[in-house]
Amino acid sequence: MECVVQGIIETQHVEALEILLQGLCGVHKEPLRTHELCLKSGPNLGLGASEVRLLCDLEQPEPSWTVRHVGGAMRGAGAEQISVLVRPMVESKVSKNALRLFYALGYKLDHELLRVGFAFHFQRGAQITVTVSTVSKMPKLHAIEEAEPVTPGIQLVEVTAPAPSDNYSEVAAAVSSFCEYLAPLLHLSKPGVSTGVVPTAAAAAASLMSDGGTPIL
Amino acid sequence: MPLKWVLHWQPNAGTTVNSQILSEVSQCVESMNGAKGGRWKSNLTYYRPILKEQANSAEYPRDFLGISLAEQPNKYYFILRGQRIVLEADSTIQTIMEKLQSYKSRVSLNFEGFQYQLGDFRLRVGKVVPSHSENVRGIVLEVEYLPVSSLEKSRQIMEEFVDIWQEAVSERSLPGHFMHMEINFGEYGLSDHYTSQHTAVQYATVMAQLIATVQSTVQLARN
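Residues numbered from 1 in each chain as written. Chains lettered and ligands numbered in written order. Predicted model: local features only at pLDDT ≥ 70, side-chain atom pairs only at ≥ 80, totals over all residues. Heavy atoms only, no water.

### Here we look at the overall build of chain B
1) Next: Counting its secondary structure elements, chain B contains four helices and nine strands.
2) Next: Starting at the N terminus and ending at the C terminus, chain B contains elements arranged as β-α-β-β-β-β-α-β-β-β-α-β-α.
3) Next: Compactness check: chain B gives a C-alpha radius of gyration of 18 Å against a globular reference of 17 Å for 223 residues, within 12% of the reference.
4) Next: In terms of overall dimensions, chain B has C-alpha extents of about 55 × 45 × 30 Å along its principal axes.
5) Next: The 223 residues of chain B split such that 48% are buried.
6) Next: A separation threshold of at least 6 residues defines the contact pool for chain B, and within that pool the share at least 24 residues apart is 67%.
7) Next: With the model as given, the accessible surface of chain B reaches about 10600 Å², and the carbon-plus-sulfur share is 46%.
8) Next: In chain B, 21 side chains carry a positive charge and 23 a negative one; their mean positions are 10 Å apart. (Helix = DSSP H or I, 4+ residues; strand = E, 2+ residues; numbered from the N terminus. Rg over C-alpha atoms; globule rule 2.2 N^0.38 Å. Buried < 20%, exposed > 50% of the residue type's maximum accessible area, 1.4 Å probe, protein only. Contact = heavy atoms within 4.5 Å. Areas by Shrake-Rupley, 256 points an atom, 1.4 Å probe, with all protein chains shown as cover. Lys, Arg positive; Asp, Glu negative; His and termini not counted. Charge placed at Lys NZ, Arg CZ, Asp CG, Glu CD.)

### Quick notes on the side chain of His 198 of chain B
1) Next: Along the chain, His 198 of chain B turns up in helix α4 (residues 196–222).
2) Next: Sequence-distant contacts of His 198 of chain B, defined by excluding residues within four places in its chain, comprise Leu 151, Phe 185, Leu 190, Ser 191 and His 193 of chain B.

### A word on the nonpolar core
1) Next: One finds Leu 123, Trp 165 and Phe 178 of chain B to be the most contacted residues of the largest nonpolar core, which totals 56 residues.
2) Next: Leaving out residues up to four positions away in the same chain, Leu 123 of chain B has contacts with Val 29, Phe 114, Gln 115, Tyr 116, Leu 118, Leu 141, Glu 142, Val 143, Phe 161 and Trp 165 of chain B.
3) Next: Among the nonpolar cores identified, the runner-up in size contains 37 residues, and Val 5, Leu 21, Val 84 and Val 157 of chain A belong to it. (Core = buried A, V, L, I, M, F, W, Y, C linked by side-chain atoms within 4.5 Å.)

### Digging into helix α1 (residues 19–31) of chain B
Residue and element names in this part refer to chain B.
1) Next: Between its first and last C-alpha, α1 extends 18 Å over 13 residues, near the 18 Å set by a 1.5 Å rise per residue.
2) Next: Turning to α1, the residues buried within the fold contact β1 (3–11), β6 (103–118), β7 (121–130), β8 (138–145), α3 (151–170) and β9 (176–180).
3) Next: With a side-chain oxygen lying 3.0 Å from the backbone nitrogen of Gln 20, the N-terminal cap of α1 falls on Asn 18.
4) Next: One or two steps after α1, the chain reaches Asn 33, where phi turns positive at roughly 65°. (Expected span 1.5 Å × (residues − 1). Polar contact = N/O pair within 3.5 Å; in protein donor to acceptor, adjacent residues only side chain to side chain.)

### A few points about the side chain of Thr 66 of chain A
1) Next: Tracing the backbone through its elements, the reader meets Thr 66 of chain A in strand β4 (residues 64–70).
2) Next: The contact partners of Thr 66 of chain A, leaving out residues within four places of it in the chain, are Arg 53, Leu 54, Leu 55, Glu 91, Ser 92, Lys 93 and Val 94 of chain A.

### What to know about the pairing of strand β8 (residues 127–137) of chain A
All names here are of chain A.
1) Next: Within β8, nine of the eleven residues are buried, leaving the element largely enclosed by the surrounding structure.
2) Next: Taken together, the eleven bridges between strand β7 (residues 107–123) and β8 define a ladder with antiparallel strand orientation. The partner of Gln 123 across the bridge, within β8, is Gln 127.
3) Next: In this sheet, strand β10 (residues 154–162) lies alongside β8 in antiparallel orientation, the contact comprising five bridges. Its bridge partner being in β10, Thr 129 is matched across the sheet by Thr 160.
4) Next: Here β8 runs beside strand β9 (residues 148–149); their pairing, made up of two bridges, is antiparallel. Its bridge partner being in β9, Lys 137 is matched across the sheet by Glu 148. (Pairing = 2+ DSSP bridges.)

Quick look at the structure:
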């Protein structure tokens, strides 16, 4: 399982967000450049449609691949009471033939994206990852160098944390608590719940930039 | 990692493999002063597609295999022989395949037995049995040469060892012999430097040969 929240921030405020995150996390950022391919099963394959994502980490000297399967969000009264989305997620590192294999099995490319930005990985009540990235689409198949931002001037912020299936509450609480520190700059919510940019972002960003950073909390 | 050759037992025409042959083979290793070690076990699974319409089944691969190897307990290997594709993955890939519900396990076979040390060589003698069954469907022999990882550089010494081994087995007048299949690993995108992906490809090839042998035995019986 994983706990997830998302939000958006204007590109002009990303530097301020980075300063805030640096202070909160106490670790250095890691560059992020991931080619994400979303594959879906052909019409005759499986009793229902299935989807799998192939992630190619382009930041490494040798590109490395991961296969990821994300399940549907947890539902019910328990899910509605928590501010983060909880969903099944399974990942597997794979060698470089994954795309060929899935094509041969009857999967088709539905869409592909390029995510470029940075990530913070840290421990704060849970193993949390914050990614800040520009999401771009490709005008031609696999044309990474020609990728264009889906939302120019806006970047996606994602906070995720793995959680055991039988006890996700603590992780959800840790993620939720951490997100409160980011509130002046952006609002984070469950994926699919649109909130837009926060009105205090500009002032908060200006404060962070003028202070030259915040002490580690 | 050290390279290995995976040999399989090829029964003479009209005969089948059985536990007695397996026992003789094990005794042969021990007679060569092979120091018996622990047990080993690998598994191979055939997957078939789950389709809404069976009419189009030819569009999907019939040779989709998954393999877990004793030497790599945290990895899983997928192979499509017809398309010369091999994939190494974390074991969690099996969970992903279950969740996708597009392919399901059809037949599962275990390769299991004991390993032996003979100087710089490590041998694994194993029976091939369907999961949840004790019927011996085949015999495999892994010959691993520990000092070397290069397939080409080790070729001569491996051939010499296998010749000695074949001679030792032939003295027992068993109804068959061990075979080593030459594989073009380059077609799978694999290099001269040996890896567990090479082992997975060898097992897939051995299985294809075992199936062909069983099918020809059945055909002979019918004729």
